[in-house]
Amino acid sequence: MKSRTNSSEEKVDVNGGEIKDGGDVKVKVGNLEAIDKLQSIINSTFGENTFYMPKKVNPVFDLDRISTGNLFLDMDLGGGFAIGRVHLVTGPFSSGKTYLALKVAAEFTKRKKMVCIIDAEATFDPKWAEACGVDMDYLFIVKKQIQEEIIDLVELIIASGEFQLIILDSMAALIPKKLKDEQADKAEMGKSAYLNNRMFRKMLAQQTEVALEGKEPTTVIVINQWRKKVNAIGNPNILPGGEGQYYYCSTWVDFWAEETILDSKDSVVGMKFGYHVRKNKTAPPRRQGQVAMFLQDYMGMQKGDWDVFGAIIDLAKLSGVFKVSGSWYNSPVLDKSYQFTNLWKLLYSNEEVEKKVLQAIFERFPDIKFNYMPYKRKLKLLDKVDNDEIAEVG
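Residues numbered from 1 in each chain as written. Predicted model: local features only at pLDDT ≥ 70, side-chain atom pairs only at ≥ 80, totals over all residues. Heavy atoms only, no water.

1. What about the pairing of strand β13 (residues 268–280)?
Looking along a regular strand, one sees the side chains alternate between the two faces of the sheet. Counting buried residues in β13 gives 11 out of 13 residues, a clear majority hidden from the surface. Inspection of the sheet shows strand β12 (residues 251–262) paired to β13 by 11 bridges, in the antiparallel sense. Bridge pairing links Ile261 to Gly270 in β13. From the end of β12 to the start of β13, which pair antiparallel, there are five residues, and Asp266 there has a positive phi angle of about 65 degrees. Of the pairings in the sheet, the one linking β13 to strand β14 (residues 287–294) comprises eight bridges and is antiparallel in character. The partner of Phe273 across the bridge, within β14, is Val291. Where β13 folds back onto β14 in an antiparallel hairpin, the turn is made up of six residues, including Arg286, whose phi is positive at roughly 65 degrees. (Buried < 20%, exposed > 50% of the residue type's maximum accessible area, 1.4 Å probe, protein only. Helix = DSSP H or I, 4+ residues; strand = E, 2+ residues; numbered from the N terminus. Pairing = 2+ DSSP bridges.)

In structure tokens:
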């Protein structure tokens, strides 16, 4: 029986709940014995950990992250991509989408985790994947384009609990079976969007089931490509596959190419990409930045590498670890002031200095759980490097 009064001083007792005095505010604590009984009934009926308190959360629900291999991008994502979630990576052609996915795959395989790439575009290049750091001993490829088959395949792979990463490259290349079998001039409006929404719902449901069973969760990266609307008013860009993709993903990162990196002979050795974290349910969204990568062995870096040292310098500058005066960088972790070129060379050639800088950066972001692994150097740093060349990368 509920008792209620208009007086702000009088406490309200609801079904025997305990009432504690929190100073000026009266705090009511529910009947914990009844709640525990309800929790037991729900979990025994619907599965363990269906109904739980985040404060007493089971370790399988802890939010872990996987690095992208680029510290600056990791920071803007909140420490990297959240493990066990669905992530959307979009952009125009040749904008670094597949490259980003392969770098995340490389981080998983470094940790001896299984990866599956659904190569719907039929463009997978094993040599390029290896150059990006993917260990081929932990990689499986699916060669399918039929949308209904992909939905069933993804569900089976997640349910197995044996794969920790699935990359769908790309959603724009999927085709409904009916559309494939019919003549080219017959239109089927909305079929692909309907199936994509179905895929996301089944995918998320299966991820939850796997987590409840205590298995290692599967992270999913879905790649999609911008298209142009016909006779558009306003923004002409659109992503094929329906609007459900925006709602089901935990993170949405948009990539675009900004410029090429040239050496002293005007040969293309790398690219710079801009990005915008349009959505992030695991960290603050709407962050933007720029990253660089190498298409050739260059300055001691290997083909397929991020410019990891340029990213460290940028993040150290942003976090205040490095103070900049004109073109000079100085910091308590450095023995003296350096210009960008020599600072880049110092980080490459001296791993102890790199570790000190990384530690100082991590201390500036205590709320971010970084899972970054320092770069393993395999090539010798060039003794003579043109200042302008390295400056172009940073």
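Still more ground to cover, so stick around.
2. Topic: the packing of helix α9 (residues 308–319) against helix α10 (residues 340–349)
Packing of α9 against α10 brings their axes to within 10 Å, and their N-to-C directions diverge by 115 degrees. With respect to the hand of their crossing, α9 and α10 are arranged in right-handed fashion. Between α9, through Phe309, Gly310, Ile312 and Ile313, and α10, the contact on the second element is made entirely by Phe340, Leu343, Trp344, Leu347 and Tyr348. Along the lines of polarity and charge, the residues of the contact of α9 with α10 split into eight nonpolar, one polar and no charged. (Axes fitted to C-alpha atoms, helices over the stretch in contact; angles between N-to-C directions. Left-handed = near helix turned anticlockwise from the far one by under 90°. Contact = heavy atoms within 4.5 Å. Nonpolar A, V, L, I, M, F, W, Y, C, P; charged D, E, K, R; others polar.)

3. Quick look at the packing of aromatic side chains
The final tally for this structure, using the stated rule, is 17 aromatic pairs. Pairing Tyr99 with Trp306 gives two aromatic rings, centres 4.9 Å apart and planes at 75 degrees, and the pair type is edge-to-face. Pair noted here: Tyr99 is in helix α3 (residues 97–110) and Trp306 is in the loop between β14 and α9, with a separation of 207 residues, a long-range link. Connected via pairs of aromatic rings, a cluster forms that spans Phe309, Trp344, Tyr348 and Tyr375. Geometry around Trp252 places Arg278 over its ring, the cationic atom sitting 5.2 Å from the centre. Over the ring of Tyr348 we find Arg377; its NZ or CZ atom is 5.7 Å from the centre of that ring. (Phe/Tyr/Trp six-rings, centres within 6.5 Å; stacked < 30°, edge-to-face > 60°. Lys NZ or Arg CZ within 6 Å of the ring centre and 35° of its normal.)

Geometry only, nothing functional implied.
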